[in-house]
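Read off the chains here:
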Amino acid sequence: MRVKKNDIIAYVILIVMGVAMIYPLFWLFFATFKDNQELFGKMSLLPEKFSSIAYKNGWKGSGQFTYLTFYLNTFKLVVPTVVLTALSTGIVAYGFGRFKFPFKKILFALMISTLMLPDAVIMIPRYVVFNKFGWVDTYLPFWAPAVLACYPFLIFMQIQFLRGIPKELDESAYMDGCNPFVVYVKILAPLLKPSVFSVIIFQTLWRWNDYFNNLVYISSVKNYTLSLALKMSIDSQGSSTPWNQVLAMSFVSLIPPILLYFFAQKYFVEGITAGGIKG
């Protein structure tokens, strides 16, 4: 009976914490049906009436480009970045986790040390380099680092997961005549699925919600992502900002990352916990 009582208390605590965490999302959704007067004048969660006018007008954008353009731009930036990151970081992690080569420890320590570099320190030099390459106002400043695996945290996470996979699997594959590439693709890659999903979720959330880097490297409205478009919608309206439209587009922009996390949370939790335990 005591165990059941403890279980009930645990479930109650979890439910209360869950409601507290998801309440802002419910508030955001219901706020899209309110006008400015109701938003700032009343404390009730539910609106007086439900109308989709905020979504209809908000989707039109504030100029010649609709939110369909900004949505597609976000996918153009995020999807290649995520795919390239998953491929490149996995290969680098495989190299550090399975092979011996000169200066391996030094290179690994150098890679880990970059985690301590604040983004503000490298922002200006990185912008100067990308500007000389002619990459400003394109998505190459996001794609190129993904190709070169410039995400040490994601590499380290996959190395930790890889260390928990027995090396005997590699050795048996080598005995059957497999080369390192085949071993990675056929043997290790399927086992690394939880860590790869963790990389995908982390990178998707980082890039989807990123505002500062998008603001630095993207200057023309036709290339704007959702984060920049939302800020533009606020600035273009001045003091009479229709906040229900801004909130409606904010809610719409949240749907893809929420769905991704919902469907991949099993692999995400497994990848994080397994990597932490093996570290």
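All values derive from a computational prediction rather than experimental measurement. Sequence positions are assigned chain by chain, starting from 1 and proceeding in written order. Residue-level local features of this predicted model are given only where pLDDT is at least 70; pairs of side-chain atoms are given and counted only at 80 or more, and the full residue set underlies all totals for whole chains, interfaces and linings. By convention in this description, side-chain values take in all heavy atoms of the structure and omit both hydrogens and water.

Novice: Would you mind going over the pattern of salt bridges with me for this structure?
Specialist: Any two side chains of opposite charge can pair if their charged atoms end up close together. Salt-bridge detection follows one rule: a side-chain nitrogen of Lys or Arg within 4 Å of a carboxyl oxygen of Asp or Glu. For the structure shown, the criterion picks out four salt bridges. Glu48 is the salt-bridge partner of Lys42, the closest N and O atoms lying 1.9 Å from each other. A relative accessible area of 57% means that Glu48 is categorised as exposed. Between Arg126 and Asp119 there is a salt bridge, with the nearest N and O atoms lying 2.9 Å from each other. Here's how the labels work: a residue is buried when its accessible area is under 20% of the maximum for its type, exposed when over 50%, partly exposed in between, all with a 1.4 Å probe on protein chains only. You can call Arg126 partly exposed: its relative accessible area is 23%.

Novice: How do you make sense of the environment of Leu25 when you look at a structure like this?
Specialist: Secondary structure elements are taken from DSSP: a helix is a run of H or I of four residues or more, a strand is a run of E of two residues or more, and numbering for both begins at the N terminus. Relative to the assigned elements, Leu25 resides in helix H1 (residues 2–31). Residues Leu25 and Val199 lie 174 residues apart in sequence; the distance between their C-alpha atoms is 24 Å. The residues contacting Leu25, other than those within four sequence positions of it, are Phe251, Leu254 and Ile258. We call two residues contacting when some pair of their heavy atoms lies within 4.5 Å.

Novice: Where do I start with the nonpolar core in this structure?
Specialist: A general tendency of soluble globular proteins is for nonpolar side chains to be buried together. To form a nonpolar core, buried Ala, Val, Leu, Ile, Met, Phe, Trp, Tyr and Cys residues must be joined to one another through side-chain atoms within 4.5 Å. Among the nonpolar cores identified, the biggest contains 30 residues, and Tyr55, Tyr67, Phe70, Ile218 and Met249 are the most heavily contacted of them. Counting residues per element, the ones that place at least two in this core are H1, helix H3 (53–59), helix H4 (67–98), helix H6 (119–132), helix H13 (226–237) and helix H14 (243–278). Among the elements that take part in this core, H4 stands out by supplying six residues, more than any other. In contact with Tyr55, other than residues within four places in its own chain, are Phe29, Thr32, Phe33, Ala248, Met249, Phe251 and Val252. Listed in part, the nine residues of the second largest apolar core include Ile165, Val183, Leu188 and Leu192.

Novice: Looking at this structure, I do not really get a nonpolar patch on the surface. What am I missing?
Specialist: Residues qualify for a patch when their relative accessible area is over 30% and they have no salt bridge, like charges being joined within 9 Å and the nonpolar side chains of Val, Leu, Ile, Met, Phe, Trp and Tyr within 5 Å. Reported accessibility uses the Shrake-Rupley method at a 1.4 Å probe radius. Residues are deemed covered only where the shown protein chains occlude them. A cluster of nonpolar side chains, contributed by Phe101, Phe103, Ile106, Leu107 and Leu110, occupies part of the molecular surface with about 520 Å² of accessible area. Among the secondary structure elements, Leu110 is positioned in helix H5 (residues 104–113). For Leu110, a relative accessible area of 54% gives the class exposed.

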